[in-house]
Structure formats: C-alpha cells, structure tokens
Amino acid sequence: MKDLKELTDACREFDAQLQNLVLRLTGVSIVVMSSRSLEHHLVRIDYPFSKPQDEGAEQIYDEESFEIVREVVAETERLQDYIAKVNQPGNRCQHYNSSIWTESTLVCFISIEQEFSEVLDLFRARVESVLPDMYEWMPRKCLHLSLRALENRTGDRSTGDRSTR
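This section reports on the structure supplied with the text. (Residues numbered from 1 in each chain as written. Predicted model: local features only at pLDDT ≥ 70, side-chain atom pairs only at ≥ 80, totals over all residues. Heavy atoms only, no water.)

### Remarks on unusual backbone geometry
- Of note in this structure, Asp133 is not a glycine but carries a positive phi near 60°.
- Mapped onto the secondary structure, Asp133 falls in the loop between helix H5 (114-130) and strand E4 (144-152). (Helix = DSSP H or I, 4+ residues; strand = E, 2+ residues; numbered from the N terminus.)

What follows is the structure, encoded as structure tokens:
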C-alpha cells in the first residue's frame, strides 16, 4: 500500500504539467503488433494528416467516453479499494512485451518535443526516486496513443478462445 501511495503522490505532482502539454499528432498508424508496447511489430502503415492540427481549437469529447475516464481516475482516490486492481495478475512487463500474441491496432505515435521530453524525464526520475527499479519504461520511439483495437487474431486470453473477434 505504501508503494501505491507514493506512486499516486508522484502522479498527482505531475498531473497539472502533463495536462497542460500539447501533443502534436502528425498522423495515424495501423500496426500489426506482436507486443502491446509496440516495441515489436510485424507491420506498420503510417497515414500522415493532410494538414497540421488547429492550434487553439476547442477539444470536443464524447461525454460518455469522458465519463468512463473520469470513473477510472476516481478509482485512485480510494487506494484501499484500488489496491486489489493494482495487484491483479497481468499488466506487468511480460503482458506488454510478450511476442506470442498478434493483434492489430490504430494508434497515433507521439512526437517527442522538448517540453514533453523534459516533463517525461522529470516524471520518470520522480517515480524512480520513490520506487527504484520497479518500472521498465517504454522506449520513446514506442510512445503512442491507442485509438482503438482493430482485431484480435489470437482470441480472448481469458477464455482461451482463439477465434477472430
């Protein structure tokens, strides 16, 4: 519980800085991946945007999706309840780097600009200072925003079903 509290405190410390960053997205990519971290992929097809993002444009969110995000974030406010989810099997390094699953996804790779790089480095250093060697950080070239899964060729792991979804 102490580790989770320290990690939560570190996240809260950097929340405002991360919220204020503007990520410049230059295109979308279809990736057939063999690891969820996208360190290993079989195919990557990039589709650049035809024009740059509009600076200062109003961001419009789907209210239902935004509410789901709010609920997930709110779970961390009750650490006593949240610890059970943190300790569930999976979602460890092996989960993200395993190359036995092939799936396709639509993502935007993140361009690492100076401001983002500085905040990311400070955040990683802060986490390492309170939880040394607990995390394996994703390589910068793999940082991405997942837009949606396109298909799962290996089926549902929880049931062992190998059919295509």
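Next comes the rest of the description.
### With respect to a nonpolar patch on the surface
- On the surface, Leu42, Val43, Ile45 and Tyr47 cluster together into a nonpolar patch covering about 360 Å² of accessible area.
- Within the fold, Ile45 resides in strand E2 (residues 41-48).
- Judged by relative accessible area, which is 37%, Ile45 ranks as partly exposed. (Patch = residues over 30% accessible without salt bridge, like charges linked within 9 Å, V, L, I, M, F, W, Y side chains within 5 Å. Areas by Shrake-Rupley, 256 points an atom, 1.4 Å probe, with all protein chains shown as cover. Salt bridge = Lys/Arg side-chain N within 4 Å of Asp/Glu carboxyl O. Buried < 20%, exposed > 50% of the residue type's maximum accessible area, 1.4 Å probe, protein only.)

### Let's talk about the nonpolar core
- Among the nonpolar cores identified, the biggest contains 12 residues, and these are Leu7, Ala10, Phe14, Leu21, Ile110, Phe116, Val119, Leu120, Phe123, Val127, Leu131 and Leu143.
- Within the residue set of this core, elements represented by two or more residues are helix H1 (2-20) and H5.
- Looking at this core, the element that brings in the most residues is H5, giving 5 residues.
- Beyond its immediate chain neighbours, meaning those up to four positions away, Phe116 contacts Leu21, Leu23, Ile110 and Leu143.
- By size, the runner-up hydrophobic cluster in this structure holds 5 residues, among which are Val31, Met33, Leu38 and Val107. (Core = buried A, V, L, I, M, F, W, Y, C linked by side-chain atoms within 4.5 Å. Contact = heavy atoms within 4.5 Å.)

### Points about the packing of aromatic side chains
- Per the stated rule, a full pass over the model turns up 3 aromatic pairs.
- Summarising the aromatic geometry, the rings of Phe123 and Trp137 are spaced 6.3 Å apart at their centres and angled 75° between planes, so their arrangement reads as edge-to-face. Of this pair, Phe123 sits in helix H5 while Trp137 is found in the loop between H5 and E4, placing the two residues 14 residues apart along the sequence.
- On the basis of relative accessibility, which here comes to 31%, the residue Trp137 falls in the partly exposed class. (Phe/Tyr/Trp six-rings, centres within 6.5 Å; stacked < 30°, edge-to-face > 60°.)

### Concerning the pairing of strand E1 (residues 27-33)
- Across the 7 residues that make up E1, a large majority, 6, are buried.
- When E1 meets E2, the two strands line up antiparallel, connected through 7 bridges. Paired with Met33 across the two strands is His41, which belongs to E2. (Pairing = 2+ DSSP bridges.)

### Focus: the packing of H1 against helix H3 (residues 79-86)
- The geometry of H1 relative to H3 is characterised by a closest axis approach of 10 Å and an angle of 100° between their N-to-C directions. In terms of their interaxial angle, H1 and H3 are classed as roughly perpendicular. Of the residues in H3, those touching H1 at Leu4, Lys5 and Thr8 are Leu79, Tyr82, Ile83 and Val86.
- Of the residues contributing to the contact of H1 with H3, the split by class is 5 nonpolar, 1 polar and 1 charged. (Axes fitted to C-alpha atoms, helices over the stretch in contact; angles between N-to-C directions. Parallel < 35°, antiparallel > 145°, perpendicular 65-115°, else oblique. Nonpolar A, V, L, I, M, F, W, Y, C, P; charged D, E, K, R; others polar.)

### Focus on the packing of H1 against H5
- Interaxial distance between H1 and H5 falls to 9 Å at its minimum, and their mutual angle equals 165°. Here H1 is positioned roughly antiparallel relative to H5, judged by the angle of their axes. As H1 packs across H5, the resulting crossing turns out to be right-handed. Contacts between H1 and H5 involve Glu6, Leu7, Ala10, Cys11, Glu13, Phe14, Gln17 and Leu18 from the first element and Val119, Leu122, Phe123, Arg126, Val127 and Val130 from the second. (Left-handed = near helix turned anticlockwise from the far one by under 90°.)

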